[in-house]
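Each chain, letter by letter, is given below.
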Amino acid sequence: MPTSTSHFDYIIAGSGTSGGVAAWYLQQAGARCLLLEAGKYYKPREDFPLPEADYTAQLMWGGGIEYNTRCDLAFIRGRCVGGGSVVNAALMDRFDDVAFDDWKAASGVPFFSESAMEPHYDFAETQIALEEIPDHHRNNNAQLFIKGMENCGHVWKPLRRCQSDCPTDAGQDCIACLGGCHRNSKQSTLATYIPKAEALGLEVRDYAEVTQLEYGKDAVTVHTPRGVFTADKVILAGGAFGSTQVLLRSGFRAKLPALGRNFSMHPQAMNLAVFDEPVDSHKGVLQGAKSLDPGFRKRGFKLENVFAPPIAIAVLFGRVGLPLQDFMRKYRNLACIEVAVRDENTGVIDVDKNGRLHIEKKMTDQDRRRMRDGLGAVKAMLESVGAKQVIQCKMAFGLHLMGGCVMGTDRKTSVVNPNFEVHDHPRLCIADSSIFPNAPGINPALTIMALSHRMATTQAAQ
Amino acid sequence: MASRLLNENAVKTLNRFGDILFPRNGEYPSFSELGCAEHVDDIAAHAPAEDIALLGSFMATLRFAPGFVLRGIVWATQNADRFPEPIGTNLRLLDMGIRSLTVTLYYSGKKGAHYTGPTPLNVIDFHLTIVRD
Ligand SMILES: Cc1cc2nc3c(=O)[nH]c(=O)nc-3n(C[C@H](O)[C@H](O)[C@H](O)COP(=O)(O)OP(=O)(O)OC[C@H]3O[C@@H](n4cnc5c(N)ncnc54)[C@H](O)[C@@H]3O)c2cc1C
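Residues numbered from 1 in each chain as written. Chains lettered and ligands numbered in written order. Predicted model: local features only at pLDDT ≥ 70, side-chain atom pairs only at ≥ 80, totals over all residues. Heavy atoms only, no water.

Our next topic: the overall build of chain B. In terms of regular secondary structure, chain B is built from seven helices and zero strands. Shown N-terminal to C-terminal, the secondary structure of chain B runs as helices and strands in the order α-α-α-α-α-α-α. Against the compact-globule benchmark of 14 Å for 133 residues, chain B has a radius of gyration of 16 Å, which places it among compact chains. Across its three principal directions, the C-alpha atoms of chain B cover 55 × 35 × 30 Å. Looking at the 133 residues of chain B, the share that counts as buried comes to 51%. Pairs at least 24 residues apart make up 68% of the contacts formed inside chain B by residues separated by at least 6 positions. On chain B, roughly 6,400 Å² of surface is accessible, and the fraction owed to carbon and sulfur atoms is 58%. (Helix = DSSP H or I, 4+ residues; strand = E, 2+ residues; numbered from the N terminus. Rg over C-alpha atoms; globule rule 2.2 N^0.38 Å. Buried < 20%, exposed > 50% of the residue type's maximum accessible area, 1.4 Å probe, protein only. Contact = heavy atoms within 4.5 Å. Areas by Shrake-Rupley, 256 points an atom, 1.4 Å probe, with all protein chains shown as cover.)

All right, on to the site of the ligand then. Residue and element names in this part refer to chain A. Around the ligand sit 37 residues in total, of which T17, E37, V210, S433 and A445 are the nearest. Contact between the ligand and E37: an oxygen atom at 2.6 Å from a side-chain N or O atom of the residue. Contacts to the ligand include A90, whose backbone N or O atom sits 3.3 Å from an oxygen atom. Of all the secondary structure elements, the ones that give two or more residues to the shell around the ligand are α1 (17-28), α4 (84-87), α9 (239-249) and α14 (445-461). Partitioned by chemical class, the residues of the shell around the ligand number 17 nonpolar, 16 polar and four charged. In terms of domain composition, the shell around the ligand takes at least three residues from each of domain 1 (1-42 + 93-127 + 189-257 + 402-462) and domain 2 (53-79 + 131-182 + 267-398). (Near = heavy atom within 4 Å. Polar contact = N/O pair within 3.5 Å; in protein donor to acceptor, adjacent residues only side chain to side chain. Nonpolar A, V, L, I, M, F, W, Y, C, P; charged D, E, K, R; others polar. Domains from an automatic or database assignment.)

All names here are of chain B. For helix α5 (residues 67-78), which comprises 12 residues, the first-to-last C-alpha distance of 17 Å matches the rise-based estimate of 16 Å (1.5 Å per residue) to within 8%. Those residues of α5 that fall on the buried side of the exposure criterion are L70, I73, V74, A76 and T77. What you see down the axis of α5 is that its buried residues fit within an arc of 165°, all on one side. Contact partners of the buried residues in α5: α1 (8-21), α4 (49-61) and α6 (87-106). (Expected span 1.5 Å × (residues − 1). Arc of directions from axis to C-beta.)

Our next topic: a positive patch on the surface. Residues and elements named next belong to chain A. Taken together, the side chains of K362, R368, R369 and R372 define a basic patch exposed on the protein surface. Structurally, R369 is set in helix α13 (residues 365-384). Judged by its relative accessible area of 44%, R369 is partly exposed. (Patch = residues over 30% accessible without salt bridge, like charges linked within 9 Å, V, L, I, M, F, W, Y side chains within 5 Å. Salt bridge = Lys/Arg side-chain N within 4 Å of Asp/Glu carboxyl O. Lys, Arg positive; Asp, Glu negative; His and termini not counted. Charge placed at Lys NZ, Arg CZ, Asp CG, Glu CD.)

Overall, the prediction assigns chain B a mean pLDDT of 96, with 99% of residues at 70 or greater. Interface scoring of the predicted complex returns ipTM 0.97; its pTM is 0.97. (pLDDT = per-residue confidence, 0-100.)

In this section: a negative patch on the surface. Residues and elements named next belong to chain A. Together, D97, D101, E114 and E118 make up a negatively charged patch on the protein surface. Contributing elements (two or more residues each) for the negative patch: α5 (97-107) and α6 (114-126). Considering the arrangement of structural elements, one finds E114 in helix α6. By relative accessible area, which is 36% here, E114 ends up partly exposed.

Before going further, it helps to examine the interface of chain A and chain B. Many descriptions give the size of an interface as the accessible area lost when the pieces come together. Counting from both sides, the interface comprises 44 residues of chain A and, opposite them, 44 residues of chain B. Considering only the side of chain A, the residues that lose the most area to chain B are Q325, R329 and R356 of chain A, jointly responsible for 16% of the buried surface there. The interface formed by chain A and chain B holds seven salt bridges in total. Linking E27 of chain B and R329 of chain A is a salt bridge whose minimum nitrogen-to-oxygen distance equals 3.8 Å. (Buried area = accessible area lost by both parts, 1.4 Å probe.)

All names here are of chain A. Within the secondary structure, D367 sits in helix α13. K361 is the oppositely charged side chain nearest to the buried, salt-bridge-free D367, at an N-O distance of 4.3 Å. A polar contact is formed between the side chain of D367 and the backbone nitrogen of E344, at a distance of 3.0 Å. Sequence-distant contacts of D367, that is, excluding residues within four places in its chain, are made with V341, R342, D343, E344, K361 and K362.

Residues and elements named next belong to chain A. The element strand β15 (residues 334-341) is largely enclosed, with a buried count of eight among its eight residues. Both faces of β15 are covered, namely the face carrying L334, C336, E338 and A340 and the face carrying A335, I337, V339 and V341. Bridging between strand β12 (residues 268-274) and β15 involves seven bridges; their strand directions are antiparallel. By the bridge assignment for β15, A273 is matched with A335. Two strands pair when backbone bridges link them, and strand β14 (residues 301-305) and β15 are joined in this way by five bridges, in the antiparallel orientation. Bridge pairing links E304 to E338 in β15. (Pairing = 2+ DSSP bridges.)

A few words now on the pattern of salt bridges. One pass over the full model with this rule turns up 39 salt bridges over all chains. Its salt-bridge partner being R297 of chain A, residue D96 of chain A comes within 2.8 Å of it at the nearest N-O pair. Here R297 of chain A lies in helix α10 (residues 294-299) and D96 of chain A lies in the loop between α4 and α5, a separation of 201 residues in the sequence. With a relative accessible area of 21%, R297 of chain A lands in the partly exposed category. Between E304 of chain A and K302 of chain A there is a salt bridge whose closest N-O contact spans 2.4 Å. Residues participating in the shared-partner salt-bridge network are R70, D72 and K394 of chain A together with D81, E85 and R92 of chain B.

Structure, rendered in structure tokens:
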């Protein structure tokens, strides 16, 4: 039952990549803001759980993993103050004009271009520390990735992460920061924007999942297990699933025919290579290099130099019994390259009568072709560096969940207008990953921050 | 340690499934020998309550099922794609329910109060260094 009622200028529902930026910008612009988050407020230096089993269960939605209705695609998303920015790999990339041109074509939104977005990227980048991973910090997995790329004539680049003061030389193993960074080096919104906003008076409530909204003439009412709140305006920042779910639960489907549509996820598949000697991919800096091959971009996939802790590797391996145990004995001898596909946005986000998410998403023929091309490139790379065996994990998963409330000029095919307002509902704004018109094929976090900055400046100007 | 979320019959079946998925194998303990199911609530408490209730009742009804039935279920979940829909989808769901829970517990580093041998994380020689300050 509701326990309190309060009125704010803005309520921001969701405290991840988008919500953190929006909350800080609006608070420092003089608005009275409340940040509501479904998950827990962890104190980074004190209480992030360390074992993989615990952080996966506690920091992710669904107790670790969620699935599409056919249960052949998996989704991972953060559930805590800081959201995806706490659990992600902190790779920060700007979009290219290939991505923006496709967005502009699909949405009719004029500011989707590298040049129009530049000031927002610039701003987002000045608020976080960014570091390029230097040669001497690349672990064996990254070295094999680079060698494989070069052997096969592909273009690669060092990675840029939002981090500061990672004690790599002292032996830090960054894979642990997938469960939250224990020393606040990762520049999540929990470590950057949110504490700055709190210092200016931002109120934050954790365990406050927004279950429903009521849109009124003078205010929006927000229902959560921690009370009912009202605001002049509400910024939905629950991510593709969270923001779409709130609108669906609140009965907006009838008014917004495109609500829940155009979901994409950059399906990713891991390729594990077994070597004779230990590779120790879990040691040191988790990721050090990325593919930047124009041929890959044209063919609709990219390759990630990445690895995962034991439970994730064992689940993705797919098999059980002695084959799994024997395979896991080689954990230290594994290298890994992941294929991420720029997929078609044919997925649909829906809710059942209890408000639970139902995700209809299938890989299309084009998605499968792209995945096959990527897997072929990876196999050649891994074999060129002496892998004894290459195992392609069967289940693809999505870490970049996008769409559901896409931006556009046409209210029949989109949910928010170019001012980030829900069509015909100017008291509701969205700038998170749910507004992506289609899959960019590039890491999304920095662009979500830039879009949130643009939304917040537009709001502050009003 | 008794589970608050799964009844005794369900935990017994979890251990039986666990032993099929993770038998004793060299230095690896079997799932039940490791005793990791004692920590099932650490994981299950954060999953959607309806899903855990469903998995719990499924497990509880299989308490006295003969071993070949459980092995048959594991075989079917591992070969879900061979079945027509919607059976395939339900088998995949069951696969992820059973497999992700047992894998998570087995490779969690946790063990039962009475187990003194190496954990599966020791067997695969997994260690992390966290430099706090
Ligand atoms: C393991 C992993 C690795 C990744 N690595 C990278 C990377 O290296 N680079 C990159 O660019 N991207 C990466 N991503 C993706 C990136 O983190 C996300 O795309 C991004 O965080 C999405 O931002 P968002 O603001 O849309 O949503 P989120 O950051 O997910 O934030 C949404 C927040 O809202 C909360 N919420 C949801 N519903 C409600 C509700 N009803 N009420 C209240 N709160 C709610 C959620 O709990 C969450 O905290 C990764 C993601 C994962 C999971």
